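# Coordinate inspection notes
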Amino acid sequence: MLDNRSLVPPKDFPQLQNDTFLRAARGEETEHVPVWCMRQAGRYLPEFRESRAGKDFFDTCRSPEACCELTLQPLRRFPFDAAIIFSDILVIPQAMGMDVQMVAGKGPTFPDPLKEPEDLQRLQAKVDVDKELGYVFKAITLTRHKIEGKVPLIGFTGAPWTLMSYMIEGGGSRTFSKAKRWLYRHPEASHMLLRMLTDVIVEYLLGQVAAGAQALQVFESHAGILGPVEFQEFSLPYLRDIARCVKEKLKDAGKDIPMIVFAKDAHYGLEDLSQSHYEVVGLDWTIDPRSARERTGGKVSLQGNMDPCAFYAPKERISDIVKKMLEGFGTRGYIANLGHGLYPDMDPESVGAFVEAVHQHSKQMIKQK
Ligand code: 1CP
């Protein structure tokens, strides 16, 4: 357990110069709409591919210096308004004792996934996050120094259902039918696993804040594989618990850290997600901005949601798409982003065009208000 003392971050971090992202997350007025991209540190950047070449993915995750460098790379090219720490959601199953390897051409792979409820006994239920995930905290602290206060640093985690689905499936999948089988056949064991994950996630996020994270994003990337009924039972309660517990502890320590929930393809959950203690709801590209605003009733800020494939369009078209997106969301309580991560074959110049279009159009719209 972290005590309140360890929630006070080191005080000698450089002063934050651009807090646009944090203000937008809280629904405050800004001079422009802030923008960042999911997977902004990634293989679409030649310098990323060069840094990662020949190195094991999780070895890279365990090197604070490498994570810091990869986090900073996109900031050297583009005037993003936030950075996200380079790491992966699958460091949590590793911390709980599971073997996870990154297999070239296949993605993350668990050689020995959970098969039946008895397998839960193999997991470390109580994780000493400082011991098992201290390398992430070190990466965050180092990056907070090296970023020189240019923009805020976002910490993140996978949500319980998304992590559970990898732990049972053993990797990526089109149907996630092995993981969903548990929900229907072993609901009690499923809840036990989701609860275990929730407890570790809360401690992990608090550790990230103690290390210097200035905002937190929870990735429920596999929400869309659930139907509305299963989402209500196996995802939403845990998402809520995470925000509630983290906020309670941070409040005791006098800290106010905006939290973002990104539940991909969870259309049916939008109203509930906007009342789940998160300041920001992230949206995938299949939701219309105006209807998202209506359905969330001004209760939260919104983040998203350009189709990443719009980066394949010519630059002028990207600018038009951005303009329409800004008109749909409005400029207040809005953080521009993609509806999911960048793909490795995308042209960095398109990313530059996207960031520039968000800044330019939004400045104009705000001036004309
Ligand atoms: O060698 C490589 O570069 C492999 C590609 C890669 C990268 C760049 C993986 C493997 N992870 C990452 C970094 C990463 N992962 C970040 C870093 C910061 C940034 O965004 O710039 C983040 C936030 C993640 C989170 C993550 N990992 C998610 C949630 C977001 C999402 O995409 O929905 C998920 C689902 C993962 C699992 C994962 N890790 C890597 C891959 C290829 C996958 C997806 C596997 C699959 O489901 O098929």
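Computed from a predicted model, the values in this text were never measured in an experiment. (Residues numbered from 1 in each chain as written. Predicted model: local features only at pLDDT ≥ 70, side-chain atom pairs only at ≥ 80, totals over all residues. Heavy atoms only, no water.)

## Remarks on the site of the ligand
Taken together, the neighbourhood of the ligand is formed by 21 residues, with Arg-52, Asp-88, Tyr-166, Ser-221 and His-340 sitting nearest. For the ligand, an oxygen atom lies 2.5 Å from a polar atom in the side chain of Ser-221. Compared with its free state, where it exposes 880 Å², the ligand has 85% of that area covered by protein. Structurally, the ligand is housed in the largest pocket. For the shell around the ligand, the residue count by class is twelve nonpolar, five polar and four charged. (Near = heavy atom within 4 Å. Polar contact = N/O pair within 3.5 Å; in protein donor to acceptor, adjacent residues only side chain to side chain. Areas by Shrake-Rupley, 256 points an atom, 1.4 Å probe, with all protein chains shown as cover. 1 Å grid on protein atoms, 1.4 Å probe; cavity = no way out; pocket = protein on both sides within 12 Å on 5 of 7 lines; lining within 4 Å. Sits in = over half its atoms within 2 Å of the grid points. Nonpolar A, V, L, I, M, F, W, Y, C, P; charged D, E, K, R; others polar.)

## A word on the sheet that holds strand β9 (residues 334-338)
Spatially, seven strands are ordered β1-β4-β5-β6-β7-β8-β9 in an open sheet, and the strand pairing comes out parallel. Pairing within the sheet leaves two strands with one partner each, and these edge strands are β1 (83-84) and β9. Across five bridges, strand β4 (residues 153-158) lies against strand β5 (residues 215-220) in parallel orientation. The residue of β5 that forms the bridge with Gly-155 is Leu-216. Helix α10 (residues 187-211) contacts β4, β5 and β6 (259-263) of the sheet and is inclined by roughly 170° relative to β4. Helix α14 (residues 315-329) rests against β8 (301-306) and β9 of the sheet, and its axis sits at about 155° to β8. (Pairing = 2+ DSSP bridges. Helix = DSSP H or I, 4+ residues; strand = E, 2+ residues; numbered from the N terminus. Contact = heavy atoms within 4.5 Å. Axes fitted to C-alpha atoms, helices over the stretch in contact; angles between N-to-C directions.)

## Some remarks on the pairing of β4
Along β4, six of the six residues are buried, which leaves the element largely enclosed by surrounding structure. Sheet analysis places β1 next to β4, joined by two bridges and oriented parallel. Its bridge partner being in β4, Ala-83 is matched across the sheet by Leu-153. (Buried < 20%, exposed > 50% of the residue type's maximum accessible area, 1.4 Å probe, protein only.)

## Quick word on the packing of aromatic side chains
By the definition in use, this model includes eleven aromatic pairs. Ring plane angle 80° and centroid distance 5.5 Å describe the contact between Phe-311 and Phe-354, whose orientation is recorded as edge-to-face. Of this pair, Phe-311 sits in the loop between β8 and α14 while Phe-354 sits in helix α15 (residues 348-367), placing them 43 residues apart in sequence. Put simply, the rings of Phe-48, Phe-57, Phe-58 and Phe-86 touch in pairs and so form one group of aromatic residues. (Phe/Tyr/Trp six-rings, centres within 6.5 Å; stacked < 30°, edge-to-face > 60°.)

## What about the layout of surface pockets?
Taken as a whole, the largest pocket encloses approximately 1,400 Å³ of empty space. Surrounding the largest pocket, 41 residues form its lining, Arg-39, Arg-43, Phe-57, Asp-88 and Met-102 being those nearest its centre. Tallying contributions element by element places helix α2 (residues 46-52) first for the lining of the largest pocket, with three residues. Of the residues that constitute the lining of the largest pocket, the class distribution is 21 nonpolar, twelve polar and eight charged. (Points joined across faces, edges and corners; volume = space filled by probe spheres on them.)

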